[in-house]
Structure formats: structure tokens, C-alpha cells
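Okay, here's what each chain looks like letter by letter:
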Amino acid sequence: VTPPPVPLGEGLLSVNCVPWCRIYVDDKFIKNSPARGIKLAEGQHKLKVVTSTGRQREQDIDIAPKGVVTKSFNF
């Protein structure tokens, strides 16, 4: 019998953009910036921010269990 998988830990992501932007994690819309305390499963994620004029930036982020990652973008 195989034991059930161990649930992944969670960490937090905070994002600020100037001007404001839409925040996507792993291609899923999360919310508009500024945003604090976005709960994410530990591990690698793809962060994408998109301004109202369509300018965007992408970045790989690594979420540690109970960790906090803060990202700021100026366009």
C-alpha cells in the first residue's frame, strides 16, 4: 500500500508594479497590483505581470515553505 502524498508547504508572494499591473502565476490571473500575501504552493512558479497598455515581464520564482517572496516592477 502506498502512503498518501505529503501535502506541499505554502509560501507567500507580494507584488508591486508602477504603474499598476495584472498579476498572473503559472498563466492564471491572480489579481491586480499591489498585492500582498498571495498563497502559493512551495516550488517553482512562473510570475507574469502585465500593464494596462500590454507591457509585460516574466520571471521564475521559487517559493519556500513559510517563505515570503517580494517582487517590484517599474515600467
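Draft legend 1. Structural context of the sheet that holds strand 5 (residues 43–51). The four strands are arranged 3-2-5-6 in an open sheet whose pairing can be described as antiparallel. The open sheet has two edge strands with one neighbour each: strand 3 (28–32) and strand 6 (56–63). Across the sheet, the axes of successive neighbouring strands diverge by a mean angle of 25 degrees, strand direction being ignored.

Draft legend 2. Quick peek at the packing of aromatic side chains. Applying the stated criterion across every chain, the model contains one aromatic pair. Ring centres 5.6 Å apart and planes at 70 degrees place the aromatic pair Tyr-24 and Phe-29 in the edge-to-face group. When the ring centre of Tyr-24 is taken as origin, the NZ or CZ atom of Lys-48, which lies over that ring, is 5.3 Å away. Just above the ring of Phe-75 sits the side chain of Arg-57; from NZ or CZ to the centre is 4.5 Å.

Draft legend 3. Examining the state of the cysteines more closely. Scanning the model with the defined rule gives one disulfide in all. With its sulfur 2.1 Å from that of its partner, Cys-17 forms a disulfide with Cys-21. Taking the sign of the S-S torsion, about 55 degrees here, the bridge from Cys-17 to Cys-21 comes out right-handed. Like Cys-17, the residue Cys-21 is buried in the burial classification.

Draft legend 4. Spotlight on unusual backbone geometry. The amide bond that connects Val-18 to the next residue, Pro-19, takes the cis arrangement and shows omega of -10 degrees. Pro-34 follows Ser-33 through a cis peptide bond whose omega is -5 degrees. Although it is not a glycine, Asp-27 sits at a positive phi angle of roughly 65 degrees. Mapped onto the elements of the fold, Asp-27 is located in the loop between strand 2 (21–25) and strand 3. With phi around 60 degrees, Lys-66 is a residue other than glycine that occupies positive phi space. Relative to the assigned elements, Lys-66 resides in the loop between strand 6 and strand 7 (68–74).

Conventions adopted
Residues numbered from 1 in each chain as written. Predicted model: local features only at pLDDT ≥ 70, side-chain atom pairs only at ≥ 80, totals over all residues. Heavy atoms only, no water. Pairing = 2+ DSSP bridges. Helix = DSSP H or I, 4+ residues; strand = E, 2+ residues; numbered from the N terminus. Axes fitted to C-alpha atoms, helices over the stretch in contact; angles between N-to-C directions. Phe/Tyr/Trp six-rings, centres within 6.5 Å; stacked < 30°, edge-to-face > 60°. Lys NZ or Arg CZ within 6 Å of the ring centre and 35° of its normal. Disulfide = S-S within 2.5 Å. Buried < 20%, exposed > 50% of the residue type's maximum accessible area, 1.4 Å probe, protein only.

Spatial relationships are all this shows, so hold off on functional conclusions.
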